[in-house]
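These are the residues of each chain, in order.
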Amino acid sequence: MYQWVSLLSLWAIPVMIAFVLLYGWRKKVPVYETFVEGAKGGLGTTIRILPHLIAMMVAVSMFRESGALDLLLGLIKPALDFLHFPEELVPLALLRPLTGTGSLAIATDLIAQYGPDSFIGRLAATMQGSTDTTLYVLTVYFGAVGIRNSTYALKVGLWSDLAGVIFSLLVVYLVFS
Amino acid sequence: MLNIIWLALIVSSIVVAAITGRMEVVNQAAFAGAKTGVTVCFGLLSVLAFWMGIMRIAEKAGLMELVARALSPVISLLFPDIPKGHPAMAYILSNMSANLLGLGNAATPMGLKAMEELQKLNPNKQQASPAMCTLLAINTASITLIPTTMIAIRMQYGSVNPVDIVGTTLLSSFAATIVAILIDRWYRYRAIRSIR
């Protein structure tokens, strides 16, 4: 299954590129000029995203380095103990929606510390792999088209992150122990 | 909401730093964060420019419309507000399939093209439309078939069977995506009701 899917992942992009180019050529699209024109659009999009990303990365970096994150973890620890949530994974669960690289570092650290085949190692991998970084996705997607008011999108993202954490815990527990 | 979170993150960091005497660290963290933002953004630039170039060819050749028309019944279920055969549908579909295959760097450009198309349909250009919120919900939960990064890291640390988390990841991301769509529906319904 894994081999089949990874083969598909490997071939999907080159085949798609070849198909698009050949199809365009058959429809008499000037492929080179059109590519350059489209790529120029990518530049504009990147510039629009940049200030949003800087704003978000500054806040997340400050929050982590100042010790405010650790303080928050300490505050909610009693509630998590009550729910029997493994405390080693609390930082990962909290950081996952905020920063992709930060949570990846924590997940890697957990895997190194407890072993990749331990309960905690598997849970960390599942948690990290099963959702995307909500704040990053929101910043990039809405920043790119100039949306100022995200209405309820952030709430939906954060609630589903919570659901993702709970499902990861449940599934890993049921499958591996 | 984003305003409050951003403000709270920064102000609480400074307050905590003032109490614990880590002002120096926070000072550096602010600029290190800004630098990370730029690095990440320029990492995006190469991928975005490349895919948007390819997608423009597909667009001009009429490929996007073709795909959109063929698959509109499926996407219409999730995005009832998008007119049938609108190019946004094709981009949403390519975004979802790239996510599924774990092609993160192809998923973002297609998601952004989908956003641009949704923005054309959006009556209020500064406020996210319900369809945009749904697209975001699907992307933040993102169903993952192959968590490539985590498999690589598990391999690196000598796992007996690095891919044994594929099933758990798929299951929990699938469940989380369903929940995301349901929560999105609930908020969308509430938003419509509050307007009336």
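Remember, predicted model here, so these are calculated numbers, not experimental data.

1. Quick look at the overall build of chain A
In terms of helices and strands, chain A carries 8 helices and 0 strands. Moving toward the C terminus, one meets the helices and strands of chain A in the order α-α-α-α-α-α-α-α. In summary, chain A has a C-alpha radius of gyration of 21 Å against a globular reference of 16 Å for 177 residues, an excess of more than 25%. In terms of overall dimensions, chain A has a C-alpha envelope of 65 × 40 × 30 Å along the principal axes. Each of the 177 residues in chain A was classed as buried or not, and the buried ones make up 49%. Counted over contacts in chain A with a minimum sequence separation of 6, partners at least 24 positions apart contribute 61%.

2. A short note on the UniProt feature "transmembrane region" (unreviewed entry) in chain B
All names here are of chain B. Taking the numbering used here, the UniProt-annotated feature "transmembrane region" (unreviewed entry) corresponds to residues 33-54, 88-112, 133-153 and 165-187. Taken end to end, residues 133-153 comprises 71% helix and 0% strand; its first and last C-alpha atoms sit 32 Å apart. With 96% helix and 0% strand, residues 165-187 has end C-alpha atoms that lie 32 Å from one another.

3. Points about helix H4 (residues 87-100) of chain B
Residue and element names in this part refer to chain B. For H4, built from 14 residues, the straight-helix expectation of 20 Å at 1.5 Å per residue is met to within 8% by its first-to-last C-alpha distance of 20 Å. Across the 14 residues of H4, 12 count as buried, placing the element largely inside the fold. What H4 keeps buried is the set Pro 87, Ala 88, Met 89, Ala 90, Tyr 91, Ile 92, Leu 93, Ser 94, Asn 95, Met 96, Ala 98 and Asn 99.

4. What to know about the UniProt feature "transmembrane region" (unreviewed entry) in chain A
All names here are of chain A. UniProt records the feature "transmembrane region" (unreviewed entry) for residues 7-25, 45-63 and 156-176 in the present numbering. In this annotation, residues 45-63 is assigned 100% helix and 0% strand; the end-to-end C-alpha distance for the span is 28 Å. Secondary structure across residues 156-176 divides into 100% helix and 0% strand, with the first and last C-alpha atoms of the span separated by 30 Å.

5. Here we look at the environment of Tyr 187 of chain B
Take Tyr 187 of chain B: it is sitting in helix H8 (residues 166-195). Residue class for Tyr 187 of chain B comes out buried when judged on the 20 C-beta atoms lying within 10 Å of it. Along the backbone, Tyr 187 of chain B and Arg 22 of chain B are 165 residues apart, and their C-alpha atoms lie at a distance of 40 Å. Excluding residues that lie within four positions of it along the chain, Tyr 187 of chain B makes contacts with Tyr 152, Lys 155 and Val 156 of chain A.

6. Focus: the environment of Met 150 of chain B
By the secondary structure assignment, Met 150 of chain B is in helix H7 (residues 148-156). In this structure the C-alpha to C-alpha distance between Met 150 of chain B and Ala 114 of chain B, which are 36 residues apart in sequence, comes to 28 Å. Beyond its immediate stretch of four places on either side in the chain, Met 150 of chain B contacts Ala 125, Gln 128 and Gly 129 of chain A together with Ile 165 of chain B.

7. Focus: the UniProt feature "domain: Nucleoside transporter/FeoB GTPase Gate" (unreviewed entry) in chain A
Here, the residues flagged by UniProt with the feature "domain: Nucleoside transporter/FeoB GTPase Gate" (unreviewed entry) are residues 47-147 of chain A. Along residues 47-147 of chain A one finds 78% helix and 0% strand; the C-alpha atoms at either end are 15 Å apart.

8. Looking at the packing of helix H2 (residues 31-65) of chain A against helix H2 (residues 23-60) of chain B
Taken N-terminus to C-terminus, the directions of H2 of chain A and H2 of chain B make an angle of 160°; their axes are 5 Å apart at the nearest point. Here H2 of chain A is positioned roughly antiparallel relative to H2 of chain B, judged by the angle of their axes. Crossing of H2 of chain A over H2 of chain B shows right-handed handedness. When grouped by side-chain class, the residues that make up the contact of H2 of chain A with H2 of chain B number 32 nonpolar, 11 polar and 4 charged.

What counts and how
- Residues numbered from 1 in each chain as written.
- Chains lettered and ligands numbered in written order.
- Predicted model: local features only at pLDDT ≥ 70, side-chain atom pairs only at ≥ 80, totals over all residues.
- Helix = DSSP H or I, 4+ residues; strand = E, 2+ residues; numbered from the N terminus.
- Rg over C-alpha atoms; globule rule 2.2 N^0.38 Å.
- Buried ≥ 20, exposed ≤ 12 C-beta atoms within 10 Å, placed from the backbone.
- Contact = placed C-beta atoms within 7 Å.
- UniProt positions renumbered as here; feature names shortened; annotations may be inferred.
- Expected span 1.5 Å × (residues − 1).
- Axes fitted to C-alpha atoms, helices over the stretch in contact; angles between N-to-C directions.
- Parallel < 35°, antiparallel > 145°, perpendicular 65-115°, else oblique.
- Left-handed = near helix turned anticlockwise from the far one by under 90°.
- Nonpolar A, V, L, I, M, F, W, Y, C, P; charged D, E, K, R; others polar.

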